[in-house]
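# A closer look at the structure
One-letter residues, chain by chain:
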Amino acid sequence: METIALLVSALLFGGMVLYAFGFAAFVFTALPPDVASPTIRRAFPYFYLFVLGVSALAALLLLTGDLVAAAIMAAIAISTIPTRQVLMPAINRATDEGRKVQFKTLHGLSVLITLAHIAGAAYVLARFV
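Computed from a prediction, not measured in an experiment: that's the story for all the values here. (Residues numbered from 1 in each chain as written. Predicted model: local features only at pLDDT ≥ 70, side-chain atom pairs only at ≥ 80, totals over all residues. Heavy atoms only, no water.)

## Quick notes on the pattern of salt bridges
Under the defined criterion, the tally for this structure stands at three salt bridges. Residue Asp 66 pairs with Arg 127 through a salt bridge whose shortest N-O separation is 2.8 Å. Of this pair, Asp 66 sits in the loop between helix 2 (33-62) and helix 3 (67-96) while Arg 127 sits in helix 4 (residues 100-127), and the two are 61 residues apart along the sequence. Taking the relative accessible area as the measure of exposure, Asp 66 reaches 19% and is therefore buried. (Salt bridge = Lys/Arg side-chain N within 4 Å of Asp/Glu carboxyl O. Helix = DSSP H or I, 4+ residues; strand = E, 2+ residues; numbered from the N terminus. Buried < 20%, exposed > 50% of the residue type's maximum accessible area, 1.4 Å probe, protein only.)

## Let's talk about helix 3
The end-to-end C-alpha distance of helix 3, which contains 30 residues, comes to 42 Å, matching closely the 44 Å that a straight helix rising 1.5 Å per residue would cover. Where helix 3 bends most, the angle comes to about 35°, and this point is Thr 83. By the N-cap criterion, in which a side-chain oxygen at the helix start approaches the backbone nitrogen of a residue two or three places on, helix 3 is capped by Asp 66, the distance to Val 68 being 3.2 Å. Taken from the residues just after helix 3, Gly 98 is the one with a positive phi, measuring 70°. (Expected span 1.5 Å × (residues − 1). Bend = angle between axes of the 7 residues up to and from the residue. Polar contact = N/O pair within 3.5 Å; in protein donor to acceptor, adjacent residues only side chain to side chain.)

## Overview of the packing of aromatic side chains
If you walk through the whole model with that rule in mind, you get six aromatic pairs. Seen from their ring centres, Tyr 19 and Phe 44 are 5.0 Å apart, and the 85° between their planes marks the pair as edge-to-face. Separated by 25 residues along the polypeptide, Tyr 19 in helix 1 (residues 2-30) and Phe 44 in helix 2 bring together distant segments of the chain. Between the aromatic rings of Phe 47 and Tyr 48, the centroid separation amounts to 5.4 Å while the plane-to-plane angle is 55°, which identifies the pairing as tilted. For Tyr 48, a relative accessible area of 5% translates into the label buried. (Phe/Tyr/Trp six-rings, centres within 6.5 Å; stacked < 30°, edge-to-face > 60°.)

## Notes on a nonpolar patch on the surface
On the surface, a cluster of nonpolar side chains totalling about 380 Å² of accessible area is made up of Phe 21, Val 111, Leu 112 and Leu 115. The element that contributes the greatest number of residues to the nonpolar patch is helix 4, accounting for three residues. Topologically, Val 111 is positioned in helix 4. On the accessibility criterion, Val 111 (34% relative accessible area) is partly exposed. (Patch = residues over 30% accessible without salt bridge, like charges linked within 9 Å, V, L, I, M, F, W, Y side chains within 5 Å. Areas by Shrake-Rupley, 256 points an atom, 1.4 Å probe, with all protein chains shown as cover.)

What follows is the structure, given as structure tokens:
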């Protein structure tokens, strides 16, 4: 069970890093802005579902071995829900309505949340050593 928990935690960490620093950056450099923005907008709900599902699974798998790691993964899962359901639509509305300052603020918050999730997953992985 510990090996599966490790692999699931690594999947979460790697998936978040790849998406945040690879896919999103690639889309904005490879596609024109009028195509990149809607593409990212369509992809982010799936990213958040991935984070929610994988972190929740990791939390369950870690319950029998490491309660601190399980709590961190549960916190990632729980905090992903308002990020996906409230923050992401607010970012989209700010974009659609041309509210650039609000967009920058909300987007910055979403970046901080993602970085916190990545840091939390990294901390959980480090606990396996």
